[in-house]
Amino acid sequence: MSDAAATGAAPADAMIVMSHVEKWYGDFQALTDINLAVRKGEKIVLCGPSGSGKSTLIRCINRLEDYQKGEIRVGGTRLGDDARTIDAVRREVGMVFQHFNLFPHMSVLRNCMLAPMRSLGASRAEAEATARALLERVRIHEQAEKYPAQLSGGQQQRVAIARALCMKPKVMLFDEPTSALDPEMVKEVLDTMIGLAEEGMTMICVTHEMGFARQVADRVIFMAGGAIVEEAPPQDFFSNPRHERTRKFLGEILHQP
Amino acid sequence: MGEAEFLFLLTGLKWTVLLSLVGFAGGGICGLAVALMRSSGIAPLERGTAGYIALFQGTPLLMQLFVVYYGLALVGLKLDAWVAVAIGFTLHASAYLGEIWRGSIEAVPRGQTEAAKALSLHYVARMKDVILPQAIRISLPATIGFLVQLIKGTSLAAIVGFTELTRAGNIVSNQTFKPLLVFGVVGILYFLLCWPLSLYGAHLERRMAVAAR
Ligand SMILES: Nc1ncnc2c1ncn2[C@@H]1O[C@H](COP(=O)(O)OP(=O)(O)OP(=O)(O)O)[C@@H](O)[C@H]1O
Ligand SMILES: [Mg+2]
């Protein structure tokens, strides 16, 4: 845990600051004293065993989950219970899900145009121009008129990334974006994410793709039992993990076929 | 049974169709409101609509029409027969459609709501653009099934003085003393109205079963 986060003094260019965040599901504590400051342009990889609270943590940032204690700030806005701040934060934060969650009854293009038109007040023409540009960027513009079910998993996930980018977010959250994909499609999605990282997007990625972590992450954070156990730059994290639980976890995932 | 009698039956059929349309339109609008309240996550609204649905699903339509027409008249509110029937069918249909549509709204995967929220879509856009189009598709077979029930249920409007198809059949049968023939024709008319709907519902159901595989 970094000293700055622990004392509550976030760096001046912090994009996301979580301080002493605690969350319960009923009696079960899912997050314990989470302190995390993510600077603008920083890329964080979040890993840990199943049930350790990774999804819960990133879902608190865009308020898909509420939390009971502590404070979360996104781009200076303190995330409260009121619709106004929740809305403000969600406009700045894009999210990509494990199962894509594209809208199945709309074409790829409509999927990408909906939110800018409804929440940013973009005109149809503006929304379409943005959507086509971003679909081109994730190399899927030839499929713009198709429906999600007509695309492969990798293509769907790239559409989901483009859809989130259409809102011009300042931060992107990824929750295991490649773990529902067939192995041969993982690379196309990771390449898209790497491209995004190179352009300077602030990113928090829950993933077990350790090659991606090595290549892209500024910091790797390891969670267990709802708490942050260890965080370090990737070279330190992989070569010199300090905690026993981290070593055990790395041993398990790095020895998978 | 001559041409005049048959035309009289057709007039009855017209009322049956009109009553069904009124019930379905009123029930559709109010049923949507019931479904949205029932799945709103706001406890008092959910409990209130649950009670409403239980009440109207648990009592006979005949009794509901009776209460609206004669019951309200007893407390000094004399309603026109059309208004009474429209209210009665709307109350009845909105309970059933509300429950059918609540189930369909809840059958849309949760990830859809989450994706819409993450894109900062507010409640109206989330429902109108994302959830309801999918929920309506899911609900179509059951909705059509209910519409068929409603068409047959309109015969109960006879008790507040409507000469819809069944009542018209009754009148003609009393005049001609040919109940078998008359009610045979009445039955065929109902059948011609309901059967295509049932077929269409079954067709949609099959198509959705295929799509779900
Ligand atoms: N809605 C919920 N109600 C109750 N408990 C929940 C709920 N959602 C998650 N949990 C519990 O909270 C803990 C953390 O869940 P979370 O989904 O954040 O884990 P995760 O690290 O993302 O795991 P995975 O790698 O399996 O996705 C788990 O023990 C889980 O069972
Ligand atoms: Mg998870």
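Because the structure is a prediction, the values reported are computed rather than measured.

> Any chance you could explain the overall build of chain B here in plain terms?
The helix and strand tally for chain B stands at eight helices and zero strands. From first element to last, N terminus to C terminus, chain B shows the α and β order α-α-α-α-α-α-α-α. Considered along the principal axes of its C-alpha atoms, chain B spans approximately 70 × 50 × 25 Å. Residues classed as buried in chain B amount to 41% of the 213 residues present. Taking the contacts inside chain B whose residues are at least 6 apart along the sequence as the reference set, 76% of them involve residues at least 24 apart. Working note: accessible area of chain B is about 10800 Å², and carbon and sulfur atoms make up 70% of it. Both charge centroids of chain B, one from 16 positive and one from 10 negative side chains, sit 5 Å from each other.

> Explain the packing of helix α4 (residues 81–107) of chain B against helix α6 (residues 123–153) of chain B here, please?
When two helices pack together, their arrangement is captured by the angle between the axes and the distance separating the axes. All names here are of chain B. Running from N to C, α4 and α6 point in directions that differ by 150°, and their axes come no closer than 8 Å. It follows that α4 is roughly antiparallel to α6 by the angle criterion. Crossing angle aside, the handedness with which α4 passes α6 is right-handed. Two secondary-structure elements touch here, α4 through Phe89, His92, Ala93, Tyr96, Leu97, Ile100, Trp101, Ser104, Ile105 and Ala107 and α6 through Ile131, Leu132, Ala135, Ile138, Ser139, Ala142, Thr143, Phe146, Leu150 and Gly153.

> Whenever I open this one, the state of the cysteines confuses me. Can you help?
Each disulfide consists of one covalent bond between the sulfur atoms belonging to two cysteines. All names here are of chain A. Per the counting criterion, the structure on display carries zero disulfides over all chains. Note on Cys166: no disulfide assigned, nearest cysteine sulfur contributed by Cys112 at a separation of 4.5 Å. Judged by relative accessible area, Cys166 falls into the buried class, the value being 3%.

> Honestly, the interface of chain A and chain B in this entry has me stumped. Any pointers?
How big an interface is tends to be stated in terms of accessible area lost as the parts join. Taken together, the contacts link 22 residues of chain A with 19 residues of chain B. The contact between chain A and chain B buries some 1600 Å² in all, and 60% of this surface belongs to carbon and sulfur atoms. In this structure, the salt-bridge partner of Asp129(B) is Arg118(A), at a minimum N-O distance of 2.7 Å. Summed over the shared surface of chain A and chain B, the result is seven residue pairs in polar contact (both at pLDDT 80 or more). Where the side of chain A that touches chain B is concerned, the elements lending two or more residues are α3 (83–92), β6 (93–96), α4 (108–119) and α6 (153–165) of chain A. Looking at side-chain class alone, the side of chain A that touches chain B contains 12 nonpolar, four polar and six charged residues.

> Teacher, can you tell me more about the site of ligand 1 here?
All names here are of chain A. In the vicinity of ligand 1, the residues found are Tyr25, Phe28, Ala30, Pro49, Ser50, Gly51, Ser52, Gly53, Lys54, Ser55, Thr56 and Glu176. One nitrogen or oxygen atom from the main chain of Gly51 is found 2.8 Å from an oxygen atom belonging to ligand 1. Between ligand 1 and Lys54 there is a distance of 2.8 Å, counted from an oxygen atom to a side-chain nitrogen or oxygen. Computed on the free molecule, ligand 1 has an accessible area of 630 Å², of which 60% lies beneath the protein chains in the complex. Broken down by element, the residue count for the shell around ligand 1 peaks at three residues, all from helix α2 (residues 54–61). Tallied by class, residues from the shell around ligand 1 come to four nonpolar, six polar and two charged.

> Help me understand the side chain of Glu114(B), please; the structure alone is not making it clear to me.
Looking at the secondary structure, you find Glu114(B) in helix α5 (residues 110–118). Taking the relative accessible area as the measure of exposure, Glu114(B) reaches 13% and is therefore buried. Polar side-chain contacts of Glu114(B) include one of 2.8 Å to the side chain of Arg59(A).

> Which parts of the structure should I look at to understand the UniProt feature "transmembrane region" (unreviewed entry) in chain B?
Residue and element names in this part refer to chain B. Taking the numbering used here, the UniProt-annotated feature "transmembrane region" (unreviewed entry) corresponds to residues 15–37, 49–75, 81–101, 135–160 and 180–200. Annotated as residues 81–101, this span is 100% helix and 0% strand, and its ends, taken at the C-alpha atoms, are 29 Å apart. Helix makes up 100% of residues 180–200 and strand makes up 0%, while its end C-alpha atoms are separated by 30 Å.

> Explain the side chain of Arg90(A) to me, please; I cannot follow it from the model alone.
Residues and elements named next belong to chain A. Among the structural elements, Arg90 can be located in helix α3. Although Arg90 is buried, it forms no salt bridge, and the closest oppositely charged side chain is Asp87 at an N-O distance of 6.0 Å. In terms of polar contacts, Arg90 uses its side chain to reach the backbone carbonyl oxygen of Arg63, at 2.9 Å.

> Just checking my understanding: could you explain the packing of aromatic side chains for this structure?
Note on aromatic pairs: each is described by the distance of the centres and the angle between the planes. Tallying each qualifying case throughout the model produces 10 aromatic pairs over all chains. Each ring, one from Phe66(B) and one from Tyr70(B), has its centre 5.1 Å from the other, and the planes form 45°; the classification is tilted. Here Phe66(B) pairs with Tyr70(B), and both are found in helix α3 (residues 61–74), just four residues apart, close to one helical turn. Aromatic pair Tyr96(B) and Phe146(B): ring centres 5.3 Å apart, planes at 15°, arrangement stacked. Of this pair, Tyr96(B) sits in helix α4 while Phe146(B) sits in helix α6, and the two are 50 residues apart along the sequence. On the accessibility criterion, Phe146(B) (7% relative accessible area) is buried. One aromatic cluster is present, formed by Trp15(B), Trp82(B) and Phe162(B) through successive ring pairs. Over the face of the ring belonging to Phe238(A) we find Arg214(A), whose NZ or CZ atom lies 4.4 Å from the ring centre. The ring of Trp15(B) has Lys14(B) sitting right over it, with the charged end atom 5.2 Å from the ring centre.

Cut-off values and rules
- Residues numbered from 1 in each chain as written.
- Chains lettered and ligands numbered in written order.
- Predicted model: local features only at pLDDT ≥ 70, side-chain atom pairs only at ≥ 80, totals over all residues.
- Heavy atoms only, no water.
- Helix = DSSP H or I, 4+ residues; strand = E, 2+ residues; numbered from the N terminus.
- Buried < 20%, exposed > 50% of the residue type's maximum accessible area, 1.4 Å probe, protein only.
- Contact = heavy atoms within 4.5 Å.
- Areas by Shrake-Rupley, 256 points an atom, 1.4 Å probe, with all protein chains shown as cover.
- Lys, Arg positive; Asp, Glu negative; His and termini not counted.
- Charge placed at Lys NZ, Arg CZ, Asp CG, Glu CD.
- Axes fitted to C-alpha atoms, helices over the stretch in contact; angles between N-to-C directions.
- Parallel < 35°, antiparallel > 145°, perpendicular 65-115°, else oblique.
- Left-handed = near helix turned anticlockwise from the far one by under 90°.
- Disulfide = S-S within 2.5 Å.
- Buried area = accessible area lost by both parts, 1.4 Å probe.
- Salt bridge = Lys/Arg side-chain N within 4 Å of Asp/Glu carboxyl O.
- Polar contact = N/O pair within 3.5 Å; in protein donor to acceptor, adjacent residues only side chain to side chain.
- Nonpolar A, V, L, I, M, F, W, Y, C, P; charged D, E, K, R; others polar.
- Near = heavy atom within 4 Å.
- UniProt positions renumbered as here; feature names shortened; annotations may be inferred.
- Phe/Tyr/Trp six-rings, centres within 6.5 Å; stacked < 30°, edge-to-face > 60°.
- Lys NZ or Arg CZ within 6 Å of the ring centre and 35° of its normal.

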